[in-house]
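Here is what each chain is made of, one letter per residue.
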Amino acid sequence: TSWSAALDQAASGAMVGDREDENTIGPRRLFFVSGGNVPDTSDPDEVSDLDEFPIEDPAQAWNVLTVGGFTEKTEIGPADGYADWTPVAEVGDLSPYSRISTDWEHSRTPIKPEIVFEAGNKALSPNQTEILSGIDSLSLLTTNRDFTRESLATFWATSPATAQAAGMAGILLARFPEFWPETIRAIMVH
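As the structure is a prediction and not an experimental result, all values here were calculated from the model.

Here the focus is unusual backbone geometry. Outside of glycine, negative phi angles account for most residues, and trans bonds account for most peptide bonds. With an omega dihedral of 10°, the bond running from Asp57 to Pro58 counts as a cis peptide bond. Relative to the helices and strands, Pro58 is located in the loop between strand S1 (32–34) and strand S2 (65–70). Put simply, Lys112 and Pro113 share a cis peptide bond, and its omega is -5°. Turning to its location among the elements, Pro113 is positioned in the loop between strand S3 (86–87) and strand S4 (115–118). Of note, Ala157 is a non-glycine position whose phi angle comes to about 90°, a positive value.

Listed below in structure tokens is the structure:
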């Protein structure tokens, strides 16, 4: 798409406005893009086959670092009020929020996402007919946008996973400022 192509150009230093002339390379950049989220539905049958939810545009760009989610959040706290519910994913599994690219022809496309970070989990009702998102104990904690009313809030899915990836890159860049963006990307992926 034009969006993913523009990100590829900006990441590789090939943007027309960044180059002094057509024979030079502009600044290279490291972009983190969320792989996208599986639709939020309460019907487990609608999201039972994750292959039905491929990576979203522009996350298919070759030169960006696409971030997906896994989860280690599998204990539903008693304060949440869902004592009989069970987590959808087990420890270390793909987060039920995260999109994947397993059905792509990988001889012609990159494998996406390249990295995963904690994205939270969903809960499944006792009779396995309903899925619920946003349960506090299965979500991540962050500062609230309305911090004067309430200082902390929960959030979930590939947005917090992408923020964690960018945070890790920031730590690496601060420690190794001489490294190219490609080097930071390679360190994180490998």
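Before going further, it helps to spend a moment on a negative patch on the surface. Together, Asp49, Asp51, Glu52 and Asp103 make up a region of like negative charge exposed at the surface. For Asp49, the position within the fold is in the loop between S1 and S2. When its relative accessible area of 35% is taken as the criterion, Asp49 is described as partly exposed.

Looking now at the environment of Pro44. Counting through the fold element by element, Pro44 comes out in the loop between S1 and S2. Expressed as a C-alpha distance, the spacing of Pro44 and Gln128, which sit 84 residues apart in the sequence, is 7.5 Å. Beyond its immediate sequence surroundings of up to four residues, Pro44 is in contact with Leu124, Gln128, Thr129, Glu130 and Ile131.

A separate point is the sheet that holds S2. By definition, the strands of a sheet pair up through backbone hydrogen bonds, in either a parallel or an antiparallel sense. Strand order in the open sheet formed by three strands is S1-S2-S4, with parallel pairing between adjacent strands. Among the strands making up the open sheet, the edge pair consists of S1 and S4. In this sheet, neighbouring strand axes are inclined to one another by 45° on average, regardless of whether the strands run parallel or antiparallel.

Among the residues making up helix H3 (residues 181–189), those that are buried are Pro181, Ile184, Arg185 and Met188. Take H3 and look down its axis: the buried residues cluster within an arc of 100°, on one side only. As for H3, its buried residues are in contact with S1, S2, S4 and helix H2 (158–175).

Per the counting criterion, the structure on display carries two aromatic pairs. Summarising the aromatic geometry, the rings of Tyr82 and Trp85 are spaced 5.2 Å apart at their centres and angled 75° between planes, so their arrangement reads as edge-to-face. A centroid spacing of 4.7 Å and a plane angle of 5° characterise the contact between Phe176 and Phe179, whose relative ring orientation is stacked. The exposure class of Phe176 is partly exposed, given its relative accessible area of 24%. Positioned over the ring face of Trp180 is Arg28, at 4.2 Å from the centre of the ring.

About the cut-offs
Residues numbered from 1 in each chain as written. Predicted model: local features only at pLDDT ≥ 70, side-chain atom pairs only at ≥ 80, totals over all residues. Heavy atoms only, no water. Helix = DSSP H or I, 4+ residues; strand = E, 2+ residues; numbered from the N terminus. Patch = residues over 30% accessible without salt bridge, like charges linked within 9 Å, V, L, I, M, F, W, Y side chains within 5 Å. Areas by Shrake-Rupley, 256 points an atom, 1.4 Å probe, with all protein chains shown as cover. Salt bridge = Lys/Arg side-chain N within 4 Å of Asp/Glu carboxyl O. Lys, Arg positive; Asp, Glu negative; His and termini not counted. Charge placed at Lys NZ, Arg CZ, Asp CG, Glu CD. Buried < 20%, exposed > 50% of the residue type's maximum accessible area, 1.4 Å probe, protein only. Contact = heavy atoms within 4.5 Å. Pairing = 2+ DSSP bridges. Axes fitted to C-alpha atoms, helices over the stretch in contact; angles between N-to-C directions. Arc of directions from axis to C-beta. Phe/Tyr/Trp six-rings, centres within 6.5 Å; stacked < 30°, edge-to-face > 60°. Lys NZ or Arg CZ within 6 Å of the ring centre and 35° of its normal.

These figures come from the coordinates and say nothing about function on their own.
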